[in-house]
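# A look at the structure
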Amino acid sequence: MKIRKILDFIKDSYTSKVERFKKIFQKYINSGKMNTTIDTEMVLNSFLNTLFDAFLASLKPVVGSIDLLRKKHKDYLINKEIEALSKKKEKLVMAIMNASPEEISYESYTKVSEKFKEIIENPEFEENFKRIDKLFQDLNPEEQINLLNNTGKNIHKMILEIRDDISTKLIETSDKENMLILGQAFRCVDFLIRDLIESTKRKKHIDDEHISFCLNYSAVLLSKILAIYFNKINYDALYSDIAFITFYTHINNPHFLNEPKEVDDSLFTILGAEI
Amino acid sequence: MTFSIDSCIIIGIANKEDCQNDRSKKLLLRRKDKLVILLTVILEAVSTYDKKFNRASVIILSILEKTKEFEKFNKEFESLMEKEREKERKKEKNIVNFLRLAYGMIEPHLRNENFKKVNQILLDHPIDTSPRIWGMVESLKEIKEVIFPEEKLRATKNSIEPIISNINFRKSKDRQHFLFLCAYSLDTSNDLDYITTDGRYVLNMLECMYLMKKNKKFKNIRVNPILLTDNYIASLN
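Now for the overall build of chain B. Looking only at helices and strands, chain B features 11 helices and five strands. Taking all contacts inside chain B whose residues are at least 6 apart in sequence as the whole, residues at least 24 apart take part in 74%.

The following block contains the structure:
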């Protein structure tokens, strides 16, 4: 299993990634933990394609509903665009990262869609996104709503798969705190996606600020996770996003959160004054 | 009049064992004016809970990694857990209470060696729980307004920032919170008491206020930094 993962890793990576892997490999050998240690980076790598697909689907929901397009015999069109964008994934992720709002609030995140438009109109990606948009625009309003709902369900499945993997690897991983942060960040993406699924069940038209918020913030959060993979930010940078989304969920969708068994003040008596 | 509190006070309210607990609660109960809180201050308190719980989880997971294959797993786990607790207790800013909480939650599943469930709890618990801190503040006093760092407020904050660039705050977040409150005061023409438990933070803010008063453009900023003390609480009677 591990050998297969290592081979996949090499196959899927650029030269720089292979160099990085060599370092990790060396680290395992030096620490004598080759058989027991799983690095967060390897987990992210094994799900890199899924992660990028989820990110693209948040950015352009039609990408997340290949199953629906297959019924219309248009899946080959979307696959072609995904493949083309995958080749530019690092550039795209960084462009989205740079467009992320400095301050964390509902308002600042709803405005992020305007900045996303600029990226989508960037000559580097413009043609691909135009063709993707065309596929969406060709659908009638009811089909568009169904597609958003279907994409939400597909992203939800992707996130569940990644979270399951993270959960099983928590004990063995060499960087446990990062793995915990990663699992919690994915759960926050899932909160937004479940919000999207519930919203699309209710809405009759898609021109809705709330749906846009769910999708845009998912894209921002997923781009941040991808940026960790590309060594552009560190894991701690996710703490404020996790706090914002959990707080937002607590206010808007408290039923998404598990009720702690002992919900009383005693849970917080342990909170020290250190920050 | 309006007042605001920093994250130490929110944490002080949430934590019964915090030395600021009593004072923080009295503050909220005795101030009769409007309470406004910065969203970023609430989020800082939420993040603190998440970070500390994760630190405790890392300790527990490391012990599990060492002991899960052992025949007498529970015994080995217990003994290593006790050693870790002892190590933590010796640290000035320790997370012993978080260790106790996390352990209490996973203990039944450890006995059954249900590691999948243990992992699930450690992953999910902080984000299921931490946002409830907000409710604890609201149970004492209604939060009349949450200040969002919106574009207009950010622009005002950015225009104030150069004036205080030479003042060294211990934490960059403290500087940002203070600047946002100054921007809020300027934009809304509100007099605002900003109450904290950190004496050095108060001194930094007073220095900033002195510099702002000398500047024509910002002399209308009316943020009044206050240190939460017993004398201050007594003065509220």
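From this point, the narrative continues.
So, on to the pairing of strand S4 (residues 192–196) of chain B. Residues and elements named next belong to chain B. Within S4, four of the five residues are buried, leaving the element largely enclosed by the surrounding structure. By the bridge criterion, four bridges tie strand S1 (residues 2–5) to S4 in an arrangement that is parallel. Among the inter-strand pairings, Thr2 is bridged to a residue of S4, identified as Leu192. Crossover handedness for the path S4 to helix H10 (residues 199–213) to strand S5 (residues 223–227): right-handed.

All names here are of chain B. In terms of domain boundaries, chain B breaks down into domain 1 (2–46 + 133–235) and domain 2 (48–131). A C-alpha centroid distance of 35 Å is found between domain 1 and domain 2. If you look at the interface, domain 1 gives six residues, while domain 2 gives five residues. Listed by contribution, the elements that provide at least two residues to the side of domain 1 that touches domain 2 are helix H3 (39–67) and helix H7 (133–140). A per-element tally of the side of domain 1 that touches domain 2 places H3 first, with three residues. Class assignment of the residues belonging to the side of domain 1 that touches domain 2 gives a composition of five nonpolar, no polar and one charged.

This paragraph deals with helix H9 (residues 172–188) of chain B. All names here are of chain B. Over its 17 residues, H9 extends 24 Å from the first C-alpha to the last, a length consistent with the 24 Å expected when each residue adds 1.5 Å. Counting buried positions along H9 yields 12 of 17 residues, so the element is predominantly enclosed. Where H9 ends, the next residue or the one after it, Ser189, has phi of about 55 degrees, a positive value.

Next up on the list: the confidence of the model for chain A. Residues and elements named next belong to chain A. With 76% of its residues at a pLDDT of 70 or more, chain A has an overall mean of 80. Confidence, read as mean pLDDT per element, is least for helix H2 (residues 15–31) in chain A (51) and greatest for helix H12 (residues 176–202) (94). For the stretch residues 31–36, pLDDT sits under 50, and the model shows five contacts to residues farther than four places along the chain or on other chains.

Residue and element names in this part refer to chain A. Inspection of the secondary structure assignment puts Met97 in helix H7 (residues 89–99). Under the C-beta neighbour-count criterion, Met97 is labelled partly exposed, with 16 such atoms within 10 Å. Expressed as a C-alpha distance, the spacing of Met97 and Leu221, which sit 124 residues apart in the sequence, is 9.0 Å. Once residues lying within four places of it in the same chain are set aside, the contact partners of Met97 are Ser223, Lys224, Ala227 and Lys232.

Chain-level pLDDT for chain B is 89 on average; 99% of the residues reach the 70-or-more range. ipTM for the predicted complex: 0.79, alongside a pTM of 0.80.

About the thresholds
Residues numbered from 1 in each chain as written. Chains lettered and ligands numbered in written order. Predicted model: local features only at pLDDT ≥ 70, side-chain atom pairs only at ≥ 80, totals over all residues. Helix = DSSP H or I, 4+ residues; strand = E, 2+ residues; numbered from the N terminus. Contact = placed C-beta atoms within 7 Å. Buried ≥ 20, exposed ≤ 12 C-beta atoms within 10 Å, placed from the backbone. Pairing = 2+ DSSP bridges. Right-handed = clockwise from strand over helix to strand, strands pointing away. Domains from an automatic or database assignment. Nonpolar A, V, L, I, M, F, W, Y, C, P; charged D, E, K, R; others polar. Expected span 1.5 Å × (residues − 1). pLDDT = per-residue confidence, 0-100.

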